[in-house]
Amino acid sequence: MKRLLLLIPLLLLLASCAAKGPLTEDRQGNVVTFARPDTGNKVVVTLGPGLKYDKRVHRDFMGATFEGWLYRAEDNTSVLVSSMDRAKFEDLIGRPLHDPEAGVKAYAPQTSWLPRLCQLVRAYVVSLDSDVVSAVKFGPRFDGECDGMVDNDEYMAAHLDEVAEFDQQAEKEIGISW
């Protein structure tokens with residue numbers, strides 16, 4: 001009987017460790033939920049009805065591999081919803097996130113011009129414990145010639161109205177809750 005009493009805490013500990021796992025993803029139409037079973041934390045990305053699910057993608061960009069859910073709109077914009085290990089995300093952006101690796105923290109959305117892609121992008125980022133969830137809206141490809149030489153600051157200053165409209169559209173299309 002004593003041995004059984006000693007085994008119960010060990011079995012409970014093993015069961016709790018087995019319940020812990022990596023980030024889980026669940027897509028139901030235009031709602032993608034990311035959850036951490038070990039902490040109970042989750043992030044829900046809800047996309048507007050104008051975005052239609054296209055496919056699951058695997059892409060390499062700036063030395064990082066992205067895996068996520070790609071949605072497209074009739075205006076030739078798209079949204080990629082994905083998750084990534086926090087350390088890999090920090091390597092990608094070239095700086096650490098100065099918040100603890102526990103809990104959920106949303107960062108202010110940022111819009112940038114990517115010269116290599118000749119596109120505007122708006123990124124919504126939420127840290128979820130030791131992972132990062134992102135929803136990135138990609139603008140339509142630049143019409144006309146684009147040599148990839150116009151930098152972010154130049155483009156943003158020369159296209160204030162276009163950037164503001166792009167940001168407003170993204171705000172309507174992407175909702176994140178936790």
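Residues numbered from 1 in each chain as written. Predicted model: local features only at pLDDT ≥ 70, side-chain atom pairs only at ≥ 80, totals over all residues. Heavy atoms only, no water.

J.: Run through unusual backbone geometry, naming residues and quoting values.
T.: Backbone geometry at Asn76 places phi at a positive 70 degrees, although glycine is not the residue there. Notably, Asp129 is not glycine yet its phi reads approximately 55 degrees, a positive angle.

J.: Help me get a handle on the packing of aromatic side chains, residues and values and all.
T.: Following the criterion strictly, the structure yields three aromatic pairs and no others. Between the aromatic rings of Tyr53 and Trp69, the centroid separation amounts to 6.0 Å while the plane-to-plane angle is 50 degrees, which identifies the pairing as tilted. On the criterion of sequence distance, the pair formed by Tyr53 in strand β4 (residues 52–61) and Trp69 in strand β5 (residues 64–72) is long-range, its members being 16 residues apart. Overall, Trp69 belongs to the buried group, its relative accessible area being 15%. Between Tyr53 and Tyr71, the aromatic rings sit 5.5 Å apart at their centres with planes inclined by 70 degrees, giving edge-to-face as the arrangement. Remark: Tyr71 occurs in strand β5 and Tyr53 occurs in strand β4; sequence separation between them is 18 residues. What makes Tyr53 partly exposed here is its relative accessible area of 31%. Counting every residue linked through ring pairs, the aromatic cluster contains Tyr53, Trp69 and Tyr71. Positioned over the ring face of Tyr53 is Arg27, at 3.6 Å from the centre of the ring. Above the ring of Tyr107, the side-chain terminus of Lys105 is found at 5.2 Å from the ring centroid. (Phe/Tyr/Trp six-rings, centres within 6.5 Å; stacked < 30°, edge-to-face > 60°. Helix = DSSP H or I, 4+ residues; strand = E, 2+ residues; numbered from the N terminus. Buried < 20%, exposed > 50% of the residue type's maximum accessible area, 1.4 Å probe, protein only. Lys NZ or Arg CZ within 6 Å of the ring centre and 35° of its normal.)

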